[in-house]
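Observations on the model geometry
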Amino acid sequence: MASRALPYDVIGTGPRRVLVLHGWLGDRSSFDAIRPHLGAEFSYCFVDYRGYGDARGVSGDYTVEEIAGDALATADALGWTDFAVLGHSMGGKAAQSLLLAAPERVRALVGISPVPASGVPLDDDGWALFSGAIEEPANRRVIIDLTTGNRLPAAWLDAMVDRSVDRSDPRAFRGYLDSWATGDFHQRIDGNTVPVLVLTGAHDPALSAELMRSTWLRWYPNSELVEFADAGHYAPDELPLALVSTVERFLTGG
């Protein structure tokens, strides 16, 4: 399907522009905890994907490539000729697809617990857990709890699940799973010299620092890794202040 600008909001009016791409279990509201702390020299554009947030009911192919095309259309609508891209989890893979689509426009990549360009191989049990999450909210809760180290409050887990269910269409949720988990385009990004910052949480066993070293850091020669000792998969919620300061220091060359 043809690319199109989708629902978004922009925080800030600064000259440093950042497109922000959310994960599989969220929508653009996933970044609400960091918004009050964003630097005045930045403009952040938070987008929803087809089938998520304010784009629920919008038909599509539901792939990371489609996310990339729609994000570029959103940048065009804003008049942004160049920008950094920040992606969380599935959004990290979509950010790399965007880099392939418009390498001359992407100034830097930031991945927060990001899915590699090679995808994430799931064994039979893992596939049953993730694919079952489409219809079963309890599976979403297990995934969120597991990837944050089984250490966060039940009320937070419940709120994350409620938001995920309320803010995503099942068909889109299913389509994106196939795309981020099984699609592999790492050979196309191997050796790309764009500046890259990869952020992980020590309590995330799925998208760990070890996995990042064998994928992202191996394929992007101009990359660096920061592991948060007191976070899991959801650093925007778990450590919003540390996340913002680390990201903005990188994007300003500090």
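Anything mentioned here points back to the structure above.
Just so it is clear, the structure is predicted and the values come from calculations on it, not from any experiment.

With that out of the way, let us pick up the overall build of the chain. If you tally the helices and strands in the chain, you get 11 helices and 7 strands. Here the C-alpha radius of gyration of the chain, 16 Å, is about what a compact globule of 254 residues would show, namely 18 Å. Dimensions of the chain, computed from the C-alpha atoms along their principal axes, are close to 40 × 40 × 40 Å. Considering the chain as a whole, with its 254 residues, one finds that 56% of them fall into the buried category. The long-range share in the chain, meaning contacts at least 24 apart out of those at least 6 apart in sequence, stands at 80%. With an accessible surface of roughly 10200 Å², the chain has 50% of that area assigned to carbon and sulfur atoms. Placing the 21 positive and 34 negative side-chain charges of the chain at their respective mean positions leaves the two points 5 Å apart.

Core analysis: the largest hydrophobic core is formed by 55 residues, its most contacted members being Trp24, Leu109 and Trp180. In contact with tryptophan 180, not counting residues within four places along its chain, are Trp24, Val64, Met90, Lys93, Val115, Gly119, Val120 and Phe130. Core analysis: the next-biggest nonpolar cluster, separate from the first, contains 23 residues, Phe31, Ala84, Ala231 and Ala235 among them.

What the largest pocket holds in volume is close to 390 Å³. Together, 27 residues line the largest pocket, and Ser89, Phe130, Ile143, Thr147 and His233 are the ones closest to its centre. The set of elements that each furnish at least two residues to the lining of the largest pocket consists of helix 3 (124–132), helix 4 (137–146), helix 5 (154–166) and helix 10 (235–238). Broken down by element, the lining of the largest pocket gets its largest block of residues, 3 residues, from helix 3. In terms of residue class, the lining of the largest pocket is made up of 16 nonpolar, 8 polar and 3 charged. Considering only enclosed or pocket space, the second largest pocket measures out at about 230 Å³ in volume. Around the second largest pocket sit 13 residues that line it, and Arg16, Ala84, Arg107, Ala108 and Leu251 are the ones nearest its centre. Among the secondary structure elements, those contributing two or more residues to the lining of the second largest pocket are strand 2 (16–21), strand 4 (83–88), strand 5 (106–112) and helix 11 (240–251). Take the lining of the second largest pocket: its biggest share by element is 3 residues, from strand 2. Split into classes, the residues belonging to the lining of the second largest pocket amount to 9 nonpolar, no polar and 4 charged.

This brings us to the packing of aromatic side chains. One pair of aromatic rings is described through two measures. These are the centre distance and the angle between the planes. For the coordinates displayed, the defined rule picks out 13 aromatic pairs. Ring geometry for tyrosine 44 against phenylalanine 46: centres 6.3 Å apart, planes inclined by 25 degrees, an arrangement best described as stacked. Neither residue differs from the other here; tyrosine 44 and phenylalanine 46 are each classed as buried. Ring geometry for tyrosine 62 versus tyrosine 176: centroids 5.6 Å apart, planes at 70 degrees, classification edge-to-face. One end of the pair, tyrosine 62, is in the loop between strand 3 (42–47) and helix 1 (64–78); the other, tyrosine 176, is in helix 6 (residues 170–182), and 114 residues separate them in sequence. Across this residue pair, the class does not change: tyrosine 62 and tyrosine 176 are buried. The ring of phenylalanine 46 is capped by arginine 35, whose NZ or CZ atom sits 4.3 Å from the centre of that ring. Positioned above the aromatic ring of phenylalanine 173, the side-chain terminus of arginine 140 is 3.9 Å from the ring centre.

We now examine the pairing of strand 6 (residues 196–201). In terms of residue burial, strand 6 counts as a mostly covered element, since 6 of its 6 residues are buried. Of the two faces of strand 6, both are covered, the one formed by Val196, Val198 and Thr200 as well as the one formed by Leu197, Leu199 and Gly201. Relative to strand 7 (residues 223–228), strand 6 is paired through 6 bridges, and the arrangement is parallel. Paired with leucine 197 across the strands is glutamate 224, a residue of strand 7.

Calculation notes
Residues numbered from 1 in each chain as written. Predicted model: local features only at pLDDT ≥ 70, side-chain atom pairs only at ≥ 80, totals over all residues. Heavy atoms only, no water. Helix = DSSP H or I, 4+ residues; strand = E, 2+ residues; numbered from the N terminus. Rg over C-alpha atoms; globule rule 2.2 N^0.38 Å. Buried < 20%, exposed > 50% of the residue type's maximum accessible area, 1.4 Å probe, protein only. Contact = heavy atoms within 4.5 Å. Areas by Shrake-Rupley, 256 points an atom, 1.4 Å probe, with all protein chains shown as cover. Lys, Arg positive; Asp, Glu negative; His and termini not counted. Charge placed at Lys NZ, Arg CZ, Asp CG, Glu CD. Core = buried A, V, L, I, M, F, W, Y, C linked by side-chain atoms within 4.5 Å. 1 Å grid on protein atoms, 1.4 Å probe; cavity = no way out; pocket = protein on both sides within 12 Å on 5 of 7 lines; lining within 4 Å. Points joined across faces, edges and corners; volume = space filled by probe spheres on them. Nonpolar A, V, L, I, M, F, W, Y, C, P; charged D, E, K, R; others polar. Phe/Tyr/Trp six-rings, centres within 6.5 Å; stacked < 30°, edge-to-face > 60°. Lys NZ or Arg CZ within 6 Å of the ring centre and 35° of its normal. Pairing = 2+ DSSP bridges.

Function cannot be read off these values alone, since they describe shape.
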